Amino acid sequence: MPRKRCMNPKDEAKFHVTKGTDKAGLDVKYINPIKGRGVFSTVSFEKGEFLLEYRGELISKQECESRQRLYHDSLRVFMFEFRFNGKLWCIDAAKEDGSLGRLVNDNHINPNATMKNLKVDGKPYLCLFTLKSISPGEEITYNYGDSDWPWRCTTATECNQNEAASHSGPGLVSSVEKTATECNQNEAASHSGPGLVSSVEKGIQVNY
């Protein structure tokens, strides 16, 4: 049976981003060598609830590009670019800080969460909210967007070819960075990998 909400989702998200804490009722589990880690529910969640913040350091586009030149491939996947107030920004979640949002996996077929841009005290925060009711034991996922992601391969041959070029990302194997733009304008976002840029649609709501 779903828990009774103590506050509305937006206020709950603001509370957690302000405190820099993760919400109770979620845990990290190792899945397999391909996906690596993932985030799972330990309690029930209702549709529309706040889940997690994609927590990290907010940096400018220029600083993001500078760090991308210095970071190892396995760290670049945690550089989450997005547009806010007409400018490109980035959340650098490369540091293993124990936060859960950076470990949530992709599901382009049946995701149970979606990323939204929440403005708090003039600053943007990337937050996950549920798309549907979630039962205990379910993995939390959201749609990274349209692209030839290594873990989305449909044949064994594709998987073998993709695995050879992949590396661990936010809780999964990935050779690309996460980026995002404003979904209210349906703008394209680019998921930049080591030495490449691929055009990808990634849904993110601005100013929730």
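Residues numbered from 1 in each chain as written. Predicted model: local features only at pLDDT ≥ 70, side-chain atom pairs only at ≥ 80, totals over all residues. Heavy atoms only, no water.

Draft legend 1. Structural view of the overall build of the protein. Counting its secondary structure elements, the protein contains 4 helices and 15 strands. Buried positions account for 47% of the 208 residues belonging to the protein. Taking all contacts inside the protein whose residues are at least 6 apart in sequence as the whole, residues at least 24 apart take part in 65%. Accessible surface, the protein as shown: approximately 10000 Å² in total, 50% of it carbon and sulfur. (Helix = DSSP H or I, 4+ residues; strand = E, 2+ residues; numbered from the N terminus. Buried < 20%, exposed > 50% of the residue type's maximum accessible area, 1.4 Å probe, protein only. Contact = heavy atoms within 4.5 Å. Areas by Shrake-Rupley, 256 points an atom, 1.4 Å probe, with all protein chains shown as cover.)

Draft legend 2. The arrangement of the confidence of the model for the protein in detail. Mean pLDDT over the protein works out to 76, with 67% of the residues at or above the 70 mark. Across the protein, the element-wise mean pLDDT spans from 26 in strand β14 (residues 196–200) up to 97 in strand β3 (residues 50–53). In the predicted structure, residues 162–203 sits below a pLDDT of 50 and forms 149 contacts with residues beyond four places in sequence or in another chain. (pLDDT = per-residue confidence, 0-100.)

Draft legend 3. Structural context of the sheet that holds strand β5 (residues 79–84). The strand order across the open sheet formed by 3 strands is β4-β6-β5, and the pairing between neighbours is antiparallel. Single-partner strands in this sheet number two, and they are β4 (57–60) and β5. Direction aside, the axes of adjacent strands within the sheet are offset by 35° on average. Pairing between β4 and strand β6 (residues 87–92): 4 bridges, direction antiparallel. Looking across to β6, one finds that L58 is bridged to I91. (Pairing = 2+ DSSP bridges. Axes fitted to C-alpha atoms, helices over the stretch in contact; angles between N-to-C directions.)

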